[in-house]
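What follows is the residue order along each chain.
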Amino acid sequence: MIAVIDYEAGNLTSVSRALDYLGYPNTVTGDPAAISRAERVIFPGVGSAGAAMESLKRLGLHTLIRSLWQEGKPILGICLGTQIILGHSEEHDTACLGIIDGNVRMFDSADREDDGSPIKIPHMGWNRVSVKKDHPVLAGLKHDDEFYFVHSYYPDPVSADQVIGTTCYGREFASVIGSDNLLATQFHPEKSGRAGLNLLKNFCEWKPC
Amino acid sequence: MLSRRIIPCLDVHEGRTTKGIKFKDNIDIGDPVDMARMYYEQGADEIVFYDITASHEKRNIMIDVVRRVAETIFIPFSVGGGIRTLEDMRAVLLAGAEKVSVNSAAVNNPDIIRQGARAFGNQCVVLGMDVKHVGVSPSIPSGYEIVINGGRKHMGIDALEWAKRGQDLGAGEICLNSIDADGMKTGYELTLTALISQNVDIPVIASGGAGEPEHLYDVLTRGKADAALIASMVHYGTYTVPQIKTYLHDRGVKMRMGW
C-alpha cells in the first residue's frame, strides 16, 4: 500500500488517480498510523509553504515524515511537498522540515528566457529535466521528455550532491532532489503524461539500499 | 525554457462534444472522454473543456465527464462555461480538473477571481475573455472591448484594462478569445494577442481563428502567446496534433516533442 499524505494542502486526488491507473493500491490519508504502515509514501501538495507547515504541525505529521525518512521508507515529494523537505522557504519566511539542507527561493522577475523575453512567474507549463546523477526513479527518461511545472519558488539545496536533476527557467534550478530513500520533484509527475507516469511507476518499484 | 502549449478545446453539451454552434443546432461530434484520450495520446499539452449546457439542472453531467477524463488522461485540463460561484469551481476541481475558467461571471462579479484564487491558488483560476475590436474611444482606449453572450452584449470595458485587473485580482492565466476571428479560420487576432501578452505577467492562451498550422506559428511568435487553442482544425481530421507540433518545431518554436 502507498500512502498519499493528505495534509489539507490542495487537491491530492490526481496523484491517487495516476496510481490507480498504474495499478498500485493507494490511500489518501492524514492518519499518522496509516502513513507509518504504508510500504511507501508520497508527499504532494499545492499551496503556500506557510499554510502547509501549519497544517503538518496541527496534524502531527511534521516529525513523522523525518522519522519515516530515517527508517528508510521510500518517500516521493512532489511540488510543494518537495519544497517543504528543505530547511527554509522564502515564501512567508517559513521554517520547513530540513530533511535536505537548503533554501526555497522565489524566481527573479528580472531573469530572462532564452529568447530574451522576461520570465513569467509562476513558471507554468512543460519543461525539460537534465539529469545530474543517475537515479533508479529516473530510469527510462529520454532527453526530450518534458514535465509539467506550476510554481513560483524553487529548491536550492546546499549540497550539489543532492541535486539529481535541473531545469532552466531564467536560471538553472534543482528540479529533482534526493537523499538516500527520498526523491523529490518540483514538477507534477501525475500531470506529465507518459514521462510522468513512468517516473511514478519507477518510484512504486524502487528498492533503495 | 518553457515549451509553447498546443491546447485542443472541446465544447461539451449535455455530456457530448458538439460543434461550436452555441445554444442551437448542436451537432454531436463525439464522446469528450474518448476525444480527450485521443488528443492526450497525440501529444496535446493541455485540454480545455467548455460546457455549453444551458440547463442548470443538467450541469452535473459535466462533473461526471470531468471525473472520467481525470481517470483517463494525465496532463492538465481546464473546465469553463457556466462557472459562477466558488462552489461551481470547487466541484470541477475536486472532480479532477487542474484549472477552472471564468468568463462572463467574472465580468458581472470580478470578486469571483479573487475568491477563487484565495481558495484554490492563482494557478487554478483562468480568466476567459471574449474580445471585440471596436476602435479607439475615450472609454475603450485600447480599441478592444469586452463582450459576453457570444459577442452580442458589449460591456463597455476595455480589454487591456480588464486583463490587468484580472491579473491583479489573482487570475493565473488568461484565455483570450477574439470574437472577430472566432470561426473564420483565417488566423488569430495577432495585434490583440500581442497587446495583452506584452502587458501582463501571466501566461496568455490565444483563441479564435486557427485554421492552418501557420496561424499557430504567427500567434506564438508575432502574437507573443504562450499557448494556442485549436478546435475545428483537429476535430474534423484536417490536421492532427503531431502534424501541427512537428510543423512548429521545424520552424523553431519550442515544443514538447516527446510524449
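What counts and what doesn't
- Every chain is numbered independently, its residues counted from 1 as its sequence is written.
- Going through the entries in the order they are written, you letter the chains from A and number the ligands from 1.
- Whole-chain, interface and lining totals are the exception, using all residues; otherwise, since this is a predicted model, local features are given only for residues with pLDDT of at least 70 and side-chain atom pairs are given and counted only at 80 or more.
- Comment: elements are numbered from the N terminus, with helices defined as DSSP H or I runs of at least four residues and strands as E runs of at least two.
- Note on method: radius of gyration uses C-alpha positions; expected globular size equals 2.2 Å times residues raised to 0.38.
- Each residue is classed by its C-beta neighbour count within 10 Å, where at least 20 other C-beta atoms makes it buried, 12 or fewer makes it exposed, and intermediate counts make it partly exposed; the C-beta atoms are placed from backbone geometry.
- By definition, residues are in contact whenever their C-beta atoms, placed on the basis of the backbone, come within 7 Å of each other.
- Two strands form a pair only when DSSP identifies at least two bridges running between them.
- Here the arc refers to the set of directions running from the helix axis out to each C-beta atom.
- The angle between two axes is taken between their N-to-C directions and runs from 0 to 180 degrees, where each axis is a line fitted to C-alpha atoms and a helix contributes only its stretch in contact.
- Convention used here: angles under 35 degrees read as roughly parallel, angles over 145 as roughly antiparallel, angles from 65 to 115 as roughly perpendicular, and any remaining angle as oblique.
- In a left-handed crossing the near helix is turned counterclockwise from the far helix by less than a right angle, and in a right-handed crossing that turn is clockwise.
- Polar here means any residue outside two lists: the nonpolar Ala, Val, Leu, Ile, Met, Phe, Trp, Tyr, Cys and Pro, and the charged Asp, Glu, Lys and Arg; Gly therefore counts as polar.
- One fewer than the residue count of a helix, multiplied by 1.5 Å, yields its expected span.
- pLDDT gives the predictor's per-residue confidence on a scale running from 0 to 100.

Residues and numbers for the overall build of chain A, please.
When helices and strands are counted, chain A shows 6 helices and 14 strands. The C-alpha radius of gyration of chain A comes to 16 Å, within 12% of the 17 Å expected for a compact globule of 209 residues. Projecting the C-alpha coordinates of chain A onto the three principal axes gives extents of approximately 50 × 35 × 30 Å. When each of the 209 residues of chain A is scored for burial, the buried share is 51%. A sequence separation of at least 24 residues applies to 68% of the contacts in chain A between residues at least 6 apart.

Which residues make up the overall build of chain B, and what values go with them?
Per the secondary structure count, chain B includes 10 helices and 12 strands. Seen along its three principal axes, the alpha-carbon backbone of chain B occupies a region of about 50 × 45 × 40 Å. Across the 259 residues that make up chain B, the buried fraction comes to 55%.

I'd like a rundown of the pairing of strand β7 (residues 100-106) of chain A, residues and numbers included.
As a general feature of sheets, a regular strand has side chains that alternate between the two faces. Residue and element names in this part refer to chain A. Here strand β5 (residues 86-89) runs beside β7; their pairing, made up of 3 bridges, is parallel. If you follow His88 over to β7, its bridge partner there is Asn103. Alignment of β7 against strand β11 (residues 153-157), held across 5 bridges, turns out to be antiparallel. Looking across to β11, one finds that Gly102 is bridged to Pro157.

Lay out helix α3 (residues 49-58) of chain A with the relevant residues and their values.
Residues and elements named next belong to chain A. Within α3, the full set of buried residues consists of Ala49, Ala52, Met53 and Leu56. The buried side chains of α3 occupy one side of the element, clustering within an arc of 100 degrees when seen end-on. Where α3 is buried, its residues contact α4 (62-71), α5 (80-85), β5, β6 (94-95) and β7.

Just give me the short version of the sheet that holds β5 of chain A, but keep the residues and values in it.
Residues and elements named next belong to chain A. Strands sit in the order β6-β5-β7-β11 across an open sheet of 4 strands; the sheet is mixed. Either end of the sheet is taken by a strand with one partner, and the two such strands are β6 and β11. Relative to β6, β5 runs antiparallel, the two being bridged by 2 bridges. Of the residues in β6, the one forming a bridge with Ser89 is Thr94.

Can you explain the packing of helix α1 (residues 32-41) of chain B against helix α2 (residues 60-72) of chain B? Please cite residues and give values.
Residue and element names in this part refer to chain B. Where α1 contacts α2, the two axes come as close as 9 Å, and the packing angle between them is 30 degrees. Classified by the angle between their axes, α1 and α2 sit roughly parallel to one another. Where α1 crosses over α2, the two elements pack in a sense that is right-handed. On α2, the residues that touch Pro32, Val33, Ala36 and Arg37 of α1 are Val65, Arg68, Val69 and Thr72. A class-by-class count of the residues in the contact of α1 with α2 yields 5 nonpolar, 1 polar and 2 charged.

I'd like a rundown of helix α6 (residues 193-205) of chain A, residues and numbers included.
All names here are of chain A. Spanning 13 residues, α6 covers 19 Å between terminal C-alpha atoms, matching the ideal 18 Å at 1.5 Å per step. For α6, every residue scored as buried is listed here: Gly193, Ala195, Gly196, Asn198, Leu199, Leu200, Phe203 and Cys204. Where α6 is buried, its residues touch β1 (2-5), α1 (13-22), β4 (75-78), β10 (146-151) and β14 (182-185).

Break down the interface of chain A and chain B for me, with residues and values.
Every contact between the two is made by 32 residues of chain A and, on the other side, 24 residues of chain B. Among the secondary structure elements, those contributing two or more residues to the side of chain A that touches chain B are α1, β8 (123-128), β10, β12 (163-169) and α6 of chain A. Considered class by class, the residues forming the side of chain A that touches chain B number 13 nonpolar, 8 polar and 11 charged.

Describe the confidence of the model for chain B, listing the residues and the values that go with them.
Averaged over chain B, the pLDDT score is 94; the fraction of residues at 70 or greater is 98%. Taken together, the chains of this predicted complex give a pTM of 0.94 and an interface ipTM of 0.93.

Can you lay out the packing of helix α8 (residues 213-221) of chain B against helix α10 (residues 241-250) of chain B for me, pointing to particular residues and giving the numbers?
All names here are of chain B. In contact at an axis separation of 9 Å, α8 and α10 are set at 50 degrees when each is read in the N-to-C sense. It follows from the interaxial angle that α8 and α10 lie oblique. Where α8 crosses over α10, the two elements pack in a sense that is right-handed. Touching Pro213, Leu216, Tyr217 and Leu220 of α8 are Ile244, Tyr247 and Leu248, all from α10.

Tell me what's going on with the sheet that holds β14 of chain A, and back it up with residues and numbers.
Hydrogen bonds along the backbone pair up the strands of a sheet, which may run parallel or antiparallel. All names here are of chain A. As summarised here, the arrangement of the 8 strands in space is β2-β1-β3-β4-β14-β13-β12-β9, forming an open sheet in which the pairing is mixed. Edge strands, defined here as strands with exactly one partner in the open sheet, are β2 (26-29) and β9 (130-131). Judged from the 4 bridges that link them, β4 and β14 form a sheet pairing that is parallel. Residue pairing for β14: Ile78 is matched across the bridge by Thr185.

Give me the environment of His56 of chain B: which residues, what numbers.
Residue position: His56 of chain B is located in the loop between β4 (47-51) and α2. In this structure the C-alpha to C-alpha distance between His56 of chain B and Gly82 of chain B, which are 26 residues apart in sequence, comes to 8.4 Å.

An account of the environment of Lys191 of chain A is requested, with residue identities and associated values reported.
Among the secondary structure elements, Lys191 of chain A is positioned in the loop between β14 and α6. In this structure, the C-alpha to C-alpha distance between Lys191 of chain A and Ser14 of chain A, residues 177 residues apart in sequence, is 7.8 Å. Among residues more than four places away in sequence, those in contact with Lys191 of chain A are Ser14, Tyr148 and Gly196 of chain A together with Phe74, Ile75, Pro76 and Glu98 of chain B.

Which residues make up unusual backbone geometry, and what are the values?
Going from Ile121 of chain A to Pro122 of chain A, the amide bond is cis rather than trans, its omega being 10 degrees. Along the polypeptide, Pro122 of chain A turns up in the loop between β7 and β8. You will see that His92 of chain A, though not glycine, has its phi angle at about 55 degrees, which is positive. By secondary structure assignment, the location of His92 of chain A is in the loop between β5 and β6. Notably, Lys224 of chain B is not glycine yet its phi reads approximately 60 degrees, a positive angle. Its place among the elements puts Lys224 of chain B in the loop between α8 and β12 (227-230). Judged by C-beta crowding, with 17 C-beta atoms within 10 Å, Lys224 of chain B ranks as partly exposed.

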